[in-house]
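Commentary on secondary and tertiary structure
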Amino acid sequence: MARALARLLLPLVSAWVPIAYFHAVFLLYYHKILISLGWAGPLFIPTVLYETLATRWFAKNYGERRASGTRFRGAFVANVLMMAAGYCVLLILPVYAMQTNPWFKFLGYFIWRLCYILCRSVGIFAIISIAWFLTIYIYITIKNGKLRIFISLGLPAILLFIFFIFQLKTGGMGAASVESVIKKKGIEYIYGNHEIIEALSSGNIENHKCLAGMNGKEKKKYRIKIVKKPRSVIYSNSNQKIYSFYGAAWMPDMDTNYQIAVQFDLNTKKIETLISNRNIRNIGYSDKYIYFAPWYDFYIYEIDKREFKINKKIHRQIYDDEYDMWDPVAVTPDFTLPLIYVGTEFNPVIACYNLENGNMEWVIHLDKEGIVNNESGGCTFIVQDPQTHLLYMHTELPGKIVELDPKQHKVLRSMEIGNSFCSFMTYNPANRTFYLQSGLENDLHAVSMDTFQKTRTYKGEYHARRMQVDNRRGVIYVLGYFSGTLFPVDLKTGKRAWSIRVGGRPEGLDIHGSTAYVHSMSGVFRVDLDALWEASGKWQGPPPGPEDAPDGISGKSGFAMR
């Protein structure tokens, strides 16, 4: 039995030993124990020596010709070339790239966890693919003694790439048609890509306004590509309009615009758009205005809600010669003062801008202050306490909650939360508690601002990008990014009361009283929460009225800033 198990596993294990070694060497560069890439060549020599023994062992024990034959030499050369390619992809390229793009530090450090989450995100497709891989592995490698390296390493890499494209294009296991979403009682489809395409094809160019490009001039090319990358959604009761936002982190054709923001009039069904070739991640808003800061643009934009046009452009005042990556992921206007706070993820800063004169009031370089490490893992969320007006933000690498005084623009307190990557954070002023969803675990942490300590950990969902507290029912609504579901977590028991499908990669949630607005790859939906609670048979507390304001305050969507 032991020998049979060893024969089954040893080819796979032997192929992955060099990969573990490559990652160990990468960590030496990540922690700056090694600095120069000149070490990359000598550090590949142990792989060649190991592969000599591994190829000879495989040829001897798995039906190949003797190690001294031509077959061995050919297999050895092919295996070393494949290992060299893997060395370049897993070590040399990330080490070189992370000198200018800190994302590779994060990607390289958590690559195995991210691969696991990617497999989870495609659901049954991953299980079928793994079963197919094992069948190929047993038939070709074990029984016929062939292609040890390709089957053990190359095939899984190809499958992971297919998973990524499948998840990116369709939404993975969260993907759902409009018809399947609205089958559930209480869910109504409002609009989506079909309606946006019709509006953009109507020829009425006045309804489709362009943001400024990198050169600071209004773009005149109106070649438009529709993208299904949902971001935030806002419902405005005052003018009966819905605003949905879109982003694509990678747009290879910079001459092509795409819808970055859409205004939908609930009365007239008219659609207007703002188009750009820039990516936006998160937005903030007030009663009259919407704020966002596109990646690699020169400006932070103030959008007038009533006329849906650019009301003001504020120059970022952080230049490429001192800051080679401008990727804002947190945009939050102040509750009372004409200020806006912008946080970036890599080469991390938090900057404060005056909305009246457009000046940058102050900027804190988080890496220079020792809040984050290695010029990476920046400020991903900013929220403001409505009473104290102090700012709270989450930072990555290491994962911290940081308390900041915006008047003195200095850090007051900080604590490590244990999440190097947080996919969402929301604040409940009623009990002065932050709720943080881990991007790499199911863990949903509650952190008290009074004690600055973690008080409880719930089971949330991997990489959920939106949450909102409902104090009346004692729950927090979680929008599952990979599962494509919306569900409430009971804050007392930690259990889920019910769950509904809302479409692939949902990233927009705005709750007003008993009505939730959800934005996914399937479109924008109106959800009657009362109907869902009644159908579940788990009604909790008095139902909120339509005039009730939401409870949670989010650094991503500014839920309490109407």
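The following paragraphs examine the structure supplied in this document. As the structure is a prediction and not an experimental result, all values here were calculated from the model.

What counts and what doesn't
- Residues numbered from 1 in each chain as written.
- Predicted model: local features only at pLDDT ≥ 70, side-chain atom pairs only at ≥ 80, totals over all residues.
- Heavy atoms only, no water.
- Helix = DSSP H or I, 4+ residues; strand = E, 2+ residues; numbered from the N terminus.
- Buried < 20%, exposed > 50% of the residue type's maximum accessible area, 1.4 Å probe, protein only.
- Contact = heavy atoms within 4.5 Å.
- Areas by Shrake-Rupley, 256 points an atom, 1.4 Å probe, with all protein chains shown as cover.
- Arc of directions from axis to C-beta.
- Pairing = 2+ DSSP bridges.
- Axes fitted to C-alpha atoms, helices over the stretch in contact; angles between N-to-C directions.
- Polar contact = N/O pair within 3.5 Å; in protein donor to acceptor, adjacent residues only side chain to side chain.
- Salt bridge = Lys/Arg side-chain N within 4 Å of Asp/Glu carboxyl O.
- Left-handed = near helix turned anticlockwise from the far one by under 90°.
- Nonpolar A, V, L, I, M, F, W, Y, C, P; charged D, E, K, R; others polar.

**Structural notes on the overall build of the protein chain**
When helices and strands are tallied, the protein chain shows ten helices and 30 strands. Relative to its full complement of 562 residues, the protein chain shows a buried share of 55%. Across the protein chain, contacts joining residues at least 24 apart in sequence account for 57% of those joining residues at least 6 apart. Of the accessible surface of the protein chain, which amounts to about 24100 Å², a share of 59% is contributed by carbon and sulfur atoms.

**Notes on helix α9 (residues 193–200)**
Each α-helix winds once per 3.6 residues, and so residues spaced three or four apart point in a common direction. All of the buried residues in α9 are N193, I196, A199 and L200. All buried residues of α9 fall inside an arc of 120° around its axis, so they share one side.

**Some remarks on the sheet that holds strand β11 (residues 328–333)**
Across the sheet, which stays open at both edges, the four strands sit in the order β11-β12-β13-β14 with antiparallel pairing between neighbours. A single partner strand is all that each edge strand has here, and the edge strands are β11 and β14 (360–365). If you compare each strand with its neighbour and ignore which way they point, the axes differ by 15° on average. As judged from the five bridges shared by strand β13 (residues 349–354) and β14, these two strands associate in the antiparallel manner.

**Structural notes on the side chain of D385**
Of note, D385 is situated in the loop between β15 (379–384) and β16 (391–395). Owing to a relative accessible area of 1%, D385 belongs among the buried residues under this scheme. Side-chain polar atoms of D385 contact the side chain of R432, separated by 2.9 Å. Ignoring any residue separated from it by four or fewer positions in sequence, one finds D385 in contact with F335, L390, Y392, Y427 and R432.

**Some words on helix α10 (residues 529–536)**
All of the buried residues along α10 are L529, D530, A531, L532 and W533. Where α10 is buried, its residues touch β24 (475–480), β25 (485–490), β26 (500–501), β27 (508–512), β28 (515–520) and β29 (523–528). The distance from a side-chain oxygen at the start of α10 to the backbone nitrogen of D530 is 3.1 Å, and the residue carrying that oxygen is D528. Backbone geometry just after α10 places G537 at a positive phi near 75°.

**Re the pattern of salt bridges**
Enumeration according to the criterion identifies 13 salt bridges in this entry. Among the salt bridges present, the one from E441 reaches R113, with a minimum N-O distance of 2.8 Å. Of this pair, E441 sits in the loop between β20 (433–438) and β21 (443–448) while R113 sits in helix α5 (residues 111–121); the two residues are 328 residues apart in sequence, bridging distant segments of the chain. The exposure class assigned to E441 is partly exposed, which follows from its relative accessible area of 31%. Judged by its relative accessible area of 27%, R113 is partly exposed. Among the charged side chains, a network of salt bridges with common partners joins D470, R472, R473 and D530.

**Some details on the side chain of E403**
Relative to the helices and strands, E403 is located in strand β17 (residues 400–405). Since its relative accessible area comes to 5%, E403 is described here as buried. In this view, E403 contacts L390, L391, Y392, K410, V411, L412, R413 and F452; residues no more than four positions away in its chain are not counted.

**Quick notes on unusual backbone geometry**
The phi torsion at H389 lies on the positive side, around 65°, for a residue other than glycine. Take H389: it is sitting in the loop between β15 and β16. On the accessibility criterion, H389 (24% relative accessible area) is partly exposed. In this structure, R505 is a non-glycine residue whose phi angle is positive, near 45°. In this structure, R505 sits in the loop between β26 and β27.

**Some points on the packing of helix α1 (residues 2–30) against helix α7 (residues 148–170)**
Interaxial distance between α1 and α7 falls to 9 Å at its minimum, and their mutual angle equals 65°. Where α1 crosses over α7, the handedness of that crossing is right-handed. Along the contact surface, α1 presents P11, L12, S14, A15, W16 and I19, while α7 presents R148, I149, S152 and L153. Looking at the contact of α1 with α7 residue by residue, the class counts come to seven nonpolar, two polar and one charged.

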